[in-house]
Every structure is written in C-alpha cells, then in structure tokens.
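Close look at the chain arrangement
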Amino acid sequence: RGPRPLVALMAVSVGAWVAQRPALLLIGDSLTQEGGTLAGGWAALLAAHYSRRADVVNRGLAGYTTRWGLEVLDRLWAPHGETALTTMWFGANDA
C-alpha cells in the first residue's frame, strides 16, 4: 500500500482540528466583508482577539441587500461543529 501522501494527512489533521474549535460567523454586506480586510476593521480585530481559540468566518457579501442575503443564507453557515456567535448585518444597501 505504501505511505499516505503528506497532503492527505495534513488535510485530515487540519479538518479534525478546525472542527474542534468554535466558529464566530460574521454574515452581512460590504461592512462585514471589508471589516475583515481593512487594517483595524472590526472583523479583523475580532479575529486577532480570538486567535487560536475560535475561527472567525467572514461571510460578508459586498452589495447584497437584506433580501439577497436571506436568499443565500443556507449557503453561508460555517462548517464547524459549534458556532459560538453569529452576527448578521444587512441594510446598508436596502434603500
């Protein structure tokens, strides 16, 4: 049979490790999306604060309205065993 490839071992190990950490799921429009990319953005600060204790999963969708966000909501959930916190911020594009 031979040894298992290193990439496969890493994928199994990382997948099991991530599943044990809770997720902080951030759902919203561009205010959420950009909060993770801008230096000092609220999502980036949250990720830094919870580093190694939880995975901050940013599902910000720039330009989305509340209606569009609700239509895709079932595809945004984090693939974790436990979601400790979920934020949902839409409305900036609803006018």
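See the structure printed just above.
The following paragraphs examine the structure supplied in this document. (Residues numbered from 1 in each chain as written. Predicted model: local features only at pLDDT ≥ 70, side-chain atom pairs only at ≥ 80, totals over all residues. Heavy atoms only, no water.)

**Some remarks on the packing of aromatic side chains**
Aromatic ring pairs are described here by two measures, namely the spacing of the ring centres and the angle between the planes. Scanning all chains against the criterion turns up two aromatic pairs. For the pair Tyr64 and Trp68, a centre-to-centre distance of 5.9 Å together with 85° between the ring planes defines the contact as edge-to-face. Residue Trp68 is classed as partly exposed on the basis of its relative accessible area of 37%. (Phe/Tyr/Trp six-rings, centres within 6.5 Å; stacked < 30°, edge-to-face > 60°. Buried < 20%, exposed > 50% of the residue type's maximum accessible area, 1.4 Å probe, protein only.)

**Observations regarding the pattern of salt bridges**
Per the counting criterion, the structure on display carries two salt bridges. Here Arg21 and Asp55 are joined by a salt bridge, their closest N and O atoms 2.2 Å apart. With a gap of 34 residues between them, Arg21 in the loop between α1 (6–20) and β1 (23–28) and Asp55 in strand β2 (residues 55–60) connect regions that are remote in the sequence. Given a relative accessible area of 12%, Arg21 falls into the buried group. A residue is classified by how much of its surface remains accessible, and Asp55, at 13% relative accessible area, is buried. In this structure, the salt-bridge partner of Arg67 is Glu71, at a minimum N-O distance of 3.5 Å. A residue pair is termed a helical-turn pair when its members lie 3 or 4 positions apart in one helix, as Arg67 and Glu71 do in helix α4 (residues 66–71) at four residues. With respect to class, Arg67 is no different from Glu71; both count as exposed. (Salt bridge = Lys/Arg side-chain N within 4 Å of Asp/Glu carboxyl O. Helix = DSSP H or I, 4+ residues; strand = E, 2+ residues; numbered from the N terminus.)

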